[in-house]
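# Notes for the structure review
Now for the letters of each chain:
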Amino acid sequence: MAQYAVLIYAGDSAHHPDATAADTAPHDRHAEELERSGALVAAYALTPRDLATSVRGDVITDGPFVEAKEIVAGFYILEAPDLDAALAIARLNPACQAGGGVEVRPVAGGGFVQHHAG
């Protein structure tokens with residue numbers, strides 16, 4: 001099966017430090033449903049935008065890479081038989097019903113090798 005990255009765009013991360021269980025419940029339920037379906041390979045929520053640090057050339061700045069209304073708030077990797085199936089799954093993401101959206105992109109390779117220092 002092919003793998004697809006689903007990038008979640010929202011005003012900010014739902015998993016901010018002051019988030020309540022009610023704030024994260026729709027996202028947690030969605031992740032649990034994907035896990036039960038067997039489509040979920042990996043999922044990561046990102047920290048709020050004010051914790052981002054960006055690098056462009058030799059310049060390091062606080063904040064997200066670009067000034068935008070929405071940021072990448074998280075991402076996950078799905079396994080699906082084709083793009084249509086991946087899109088059907090991705091459109092169920094709670095961000096799509098809360099004013100944000102998702103971007104679905106095929107994963108180009110089989111991952112990377114992680115090297116450990118020491």
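Attention here is on the structure that accompanies the text. It should be emphasised that the depicted structure is a prediction, and the values quoted were computed from it without experimental measurement.

Rules and cut-offs
- Residues numbered from 1 in each chain as written.
- Predicted model: local features only at pLDDT ≥ 70, side-chain atom pairs only at ≥ 80, totals over all residues.
- Heavy atoms only, no water.
- Helix = DSSP H or I, 4+ residues; strand = E, 2+ residues; numbered from the N terminus.
- Buried < 20%, exposed > 50% of the residue type's maximum accessible area, 1.4 Å probe, protein only.
- Contact = heavy atoms within 4.5 Å.
- Areas by Shrake-Rupley, 256 points an atom, 1.4 Å probe, with all protein chains shown as cover.
- Pairing = 2+ DSSP bridges.
- Axes fitted to C-alpha atoms, helices over the stretch in contact; angles between N-to-C directions.
- Salt bridge = Lys/Arg side-chain N within 4 Å of Asp/Glu carboxyl O.

A tally of helices and strands in the protein chain yields 3 helices and 6 strands. Starting at the N terminus and ending at the C terminus, the protein chain contains elements arranged as β-α-β-β-β-β-α-α-β. Each of the 118 residues in the protein chain was classed as buried or not, and the buried ones make up 24%. By sequence separation, contacts in the protein chain at least 24 residues apart represent 71% of the contacts at least 6 residues apart. Surface accessibility of the protein chain: about 8,100 Å² in total, with carbon and sulfur atoms responsible for 55%.

Let's shift gears to the pairing of strand β4 (residues 59–62). Taken together, the 4 bridges between strand β3 (residues 53–56) and β4 define a ladder with antiparallel strand orientation. Bridge pairing in β4 places Val55 opposite Ile60. Between β3 and β4, which pair antiparallel one after the other, the connecting turn spans 2 residues, and Gly57 there sits at a positive phi close to 65°.

For the rest of this paragraph, the subject is the sheet that holds strand β2 (residues 40–45). By way of backbone hydrogen bonds, the strands of a sheet pair with one another, either parallel or antiparallel. Strand order in the open sheet formed by 4 strands is β2-β5-β1-β6, with antiparallel pairing between adjacent strands. Of all the strands in the sheet, just β2 and β6 (101–106) have a single pairing partner and so form its edges. Neighbouring strand axes in the sheet, compared pairwise and without regard to direction, differ in orientation by 20° on average.

Attention shifts here to the pattern of salt bridges. Scanning the entire structure with this criterion turns up 1 salt bridge. Of the charged contacts in the structure, one is a salt bridge between Arg105 and Glu103, with a shortest N-O distance of 3.5 Å. Arg105 gets classed as partly exposed once you look at its relative accessible area, which sits at 48%. Take Glu103: its relative accessible area is 27%, and that puts it in the partly exposed class.

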